[in-house]
Amino acid sequence: MSRSLAMAILLVAVVLAGCGSSGRGAATVHVEPNVNFTLPPATAGCGGATQLAGGATRLPITVSEKAGQVAEMVNVCIDGKGPFAFVVDSGAGESIIATRLANQLHLDHMGPAQEFAGVGCVGTAQPVAVTTWSVAGVALSPQSLTAATLPDFGVKGQPVGLLGSDVLGRFGAVRIDFTGQTLTLGGPEGTAPTGSDVVHGPVGPPPPATVTDGQTGTTVPLTVVLTPGEAALNVALRFSDGPKRTFTVDTGSSQSVVNTAVAKKENLAPSDLAERQDTVCSSITTPLVHSGAWSIPGVSLYKQLIGTAPFGPIGQAGLLGSDQLIRYGWVVFDYRGGRLILG
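Computed from a predicted model, the values in this text were never measured in an experiment. Within each chain, residues carry numbers counting from 1 in the order of the written sequence. Note on the predicted model: pLDDT of at least 70 is required for a residue's local features to be given, and 80 or more for side-chain atom pairs to be given and counted; whole-chain, interface and lining totals, by contrast, use all residues. Side-chain metrics in this entry use all non-hydrogen atoms of the structure; hydrogen atoms and water are not considered.

A. Structural context of the overall build of the protein. Scanning the protein for helices and strands turns up six helices and 31 strands. In the protein, which comprises 343 residues, the share counted as buried stands at 57%. Contacts between residues were defined by any pair of non-hydrogen atoms, one from each residue, lying within 4.5 Å. Excluding contacts between residues fewer than 6 apart, the proportion of contacts in the protein whose partners are at least 24 apart in sequence is 66%. Residue-level accessible areas treat just the shown protein chains as cover; the underlying method is Shrake-Rupley with a 1.4 Å probe. Total accessible area on the protein stands at roughly 13600 Å², and carbon and sulfur atoms take up 54% of it. Each helix is a run of DSSP H or I of at least 4 residues and each strand a run of E of at least 2, with the numbering of both proceeding from the N terminus. To sort residues, take the accessible area from a 1.4 Å probe on protein chains only and compare it with the maximum for the residue type: under 20% means buried, over 50% means exposed, and anything in between is partly exposed.

B. Structural view of the environment of G204. Mapped onto the fold, G204 is located in the loop between β18 (197-200) and α4 (209-212). With 134 residues separating them along the chain, G204 and G338 place their C-alpha atoms 8.9 Å apart.

C. Molecular detail of the nonpolar core. With 80 residues, the main nonpolar core has I78, I97 and F333 as its most contacted residues. Per-element accounting of this core gives the leading share, six residues, to strand β7 (residues 69-78). Not counting residues up to four positions away in its chain, the partners in contact with F333 are S90, G172, A173, V174, I176, L233, V249, T251, L325, R339 and L340. By size, the runner-up hydrophobic cluster in this structure holds five residues, among which are A173, V211, W330 and I341. Think of a nonpolar core as a cluster: buried Ala, Val, Leu, Ile, Met, Phe, Trp, Tyr and Cys residues, connected wherever their side-chain atoms sit within 4.5 Å.

D. Looking closely at the confidence of the model for the protein. Of all residues in the protein, 85% have pLDDT values of 70 or greater, and the mean over the chain is 87. As a per-residue measure, pLDDT tells how confident the predictor is, with possible values from 0 to 100. Ignoring residues within four places in sequence, the model shows residues 1-26, a span with pLDDT below 50, making 100 contacts including any to other chains.

E. Structural context of the pairing of strand β6 (residues 62-66). Note that β6 and β7 share five bridges and pair antiparallel. Counted as the bridge partner of K66 is Q69 from β7. Pairing between two strands requires that DSSP report at least two bridges joining them.

F. Examining the sheet that holds strand β31 (residues 339-342) more closely. The strand order β4-β5-β17-β16-β30-β31-β19 describes an open sheet built from seven strands, whose pairing is antiparallel. For this open sheet the edge positions go to β4 (50-51) and β19 (218-221), each flanked by a neighbour on one side alone. With two bridges connecting them, β4 and strand β5 (residues 57-60) associate as antiparallel partners. Looking across to β5, one finds that T50 is bridged to R58.

G. Summary view of the state of the cysteines. Only a pair of cysteine sulfur atoms within 2.5 Å qualifies as a disulfide here. Tallied over the entire structure, the rule returns one disulfide. Here C46 is linked by a disulfide to C77, with a sulfur-sulfur distance of 1.9 Å. Linking C46 and C77, the disulfide has an S-S dihedral of approximately -90 degrees and is accordingly described as left-handed. Of this pair, C46 sits in the loop between β3 (27-30) and β4 while C77 sits in strand β7, and the two are 31 residues apart along the sequence. Residue C46 is classed as partly exposed on the basis of its relative accessible area of 34%. A relative accessible area of 5% means that C77 is categorised as buried.

H. Just the environment of T132, in detail. Within the secondary structure, T132 is located in the loop between β11 (121-130) and β12 (133-135). As for T132 and P142, which are separated by 10 residues in sequence, their C-alpha atoms are 6.3 Å apart. If sequence neighbours within four positions are ignored, T132 has contacts with C77, I78 and D79.

I. Examining the side chain of R245 more closely. Mapped onto the elements of the fold, R245 is located in strand β22 (residues 245-250). Owing to a relative accessible area of 18%, R245 belongs among the buried residues under this scheme. What qualifies as a polar contact is a pair of N or O atoms within 3.5 Å, subject to a donor-acceptor requirement within protein and to the restriction that residues adjacent in sequence count only when both atoms come from side chains. Looking at R245, its side chain comes within polar contact range of the side chain of E266, at 3.0 Å.

Encoded structure:
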């Protein structure tokens, strides 16, 4: 399994925050039940998109904020069936579908299943073919999806897929408006990369005004890693005056997360709170820590509690999640120009 896919489904639903209290003795940590985010209305069916100038399209999404965590979902239809709730997930290098749904739709397998390792567990993922599919009425090109069985994924009341950067990146630039609950695709769908490329932004012209909606925002350089069928958005992040570390900009992570080893090296202050996290094939409980002063180029991030997770062989320093991004009202991911624009 690819590194980006492993990262995408390592923390597919960091949605299980706990609460705790400390007395005069040792802290007592209480872990709450899973948070269930609001799904897009099924009554919206397979449509809802609005055409904008220059080939851009604006789609309705459902933004849900619970217990300090944030998720964005959109309706996807496959082979005329649906709608199915997919998470808008910039951190997923490859788009994912729940195995149960893939089987129900009788999607053809594309090659052998792939084995991957999680935290204390092993799972499998099966590439499957989708030929006719759409997001909120916008037709998408045929491609392979990764069918995976993940904890609390694809069951009643939960999303059944991740719409990843492999799809979003083909539109050049996209905007998530948390306040307006819309996703703007910057232009007509382009082709997937046929080779490997790394964009160290910002380069080239800025995204069109239909994406920024005429607003300026603050531009942050991104490193965009493009390979056939995959795309990844990385930003340089530092805690206090520590070294720069690579974080994935991950709207699919409802809470920002730091590698446990990095949290220890940076001496991030612990809290008496814990959360539960779903990995690729297990559910684990990990502590929350205080971010303290942290920043990305040109922007001081809001101080907050962040999750910790033993990323293990993936080696990523962390995920900059939707809980932080929503604070800016809207964000733009410029895949072609290597830009993150914060409202």
